[in-house]
Amino acid sequence: MKIEFKKVIRDNTKLSFKQNSLSIDGKCKKLTPSLVEVKLSMIGEIEIDCVRCANTIDLGIDENVELKVCDGYFESEDKDLDVIECFDGIIDFDQIVNSEIESIMSDYHYCNNCKQEGE
Ligand SMILES: [Zn+2]
């Protein structure tokens, strides 16, 4: 799902879409003419491989994501802010969700068998 930056309004713009096997609900609102706040909740399951035996695991996902999207380069002293820069005037929620999924998948996950062996 994508939204044009200029179409986001100051009131909350509601979002609801599906991506892969996840249901995503959320909202976004304009904080400044070039900064949009995005809040998403992602619920569902993704398939990942156990890092030990490579069995497929159905990993339950229940994640809240909060970040900001900047229209163009983001310049601030505050490096702690989670800001994505966008350069084509379009907020790409698919990409935001994908990068969240990637960061979840980059963690070490063990299947139930391997978890028990480790205990
Ligand atoms: Zn395993």
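In this text, all values refer to a predicted model and were calculated from it rather than measured experimentally. (Residues numbered from 1 in each chain as written. Predicted model: local features only at pLDDT ≥ 70, side-chain atom pairs only at ≥ 80, totals over all residues.)

Looking at the sheet that holds strand β4 (residues 35–49)
Two strands in a sheet stick together by hydrogen bonds in their backbones, pointing the same way (parallel) or opposite ways (antiparallel). Strand order in this open sheet of five strands is β2-β3-β4-β5-β6, and the pairing throughout is mixed. Because the sheet does not close on itself, it has two edges, and the strands there are β2 (13–19) and β6 (83–86). Adjacent strand axes in the sheet meet at a mean angle of 35° when their direction is disregarded. Both strand β3 (residues 22–32) and β4 contribute to a ladder of 10 bridges, which runs antiparallel. In the sheet register, Lys27 faces β4, and the bridge partner there is Lys39. (Pairing = 2+ DSSP bridges. Helix = DSSP H or I, 4+ residues; strand = E, 2+ residues; numbered from the N terminus. Axes fitted to C-alpha atoms, helices over the stretch in contact; angles between N-to-C directions.)

So, the nonpolar core
Counting 13 residues, the largest nonpolar core has Val36, Val38, Val69 and Val97 as the members making the most contacts within it. Where this core is concerned, the elements lending two or more residues are β3, β4, β5 (56–71) and α1 (93–105). In terms of residue count, β4 provides more of this core than any other element does, four residues in total. Every residue in contact with Val38, bar those within four places of it in the chain, is listed here: Gly26, Cys28, Leu67, Lys68, Val69 and Ile96. (Core = buried A, V, L, I, M, F, W, Y, C linked by C-beta atoms within 7 Å. Buried ≥ 20, exposed ≤ 12 C-beta atoms within 10 Å, placed from the backbone. Contact = placed C-beta atoms within 7 Å.)

Digging into unusual backbone geometry
One non-glycine residue, Asn20, lies in the positive phi region at around 50°. As for its placement among the helices and strands, Asn20 is situated in the loop between β2 and β3. Phi at Ala54 takes a positive value of approximately 70°, unusual for a residue other than glycine. As for its position among the elements, Ala54 is in the loop between β4 and β5. Accessibility expressed as a C-beta count within 10 Å gives 9 for Ala54, which makes it exposed.

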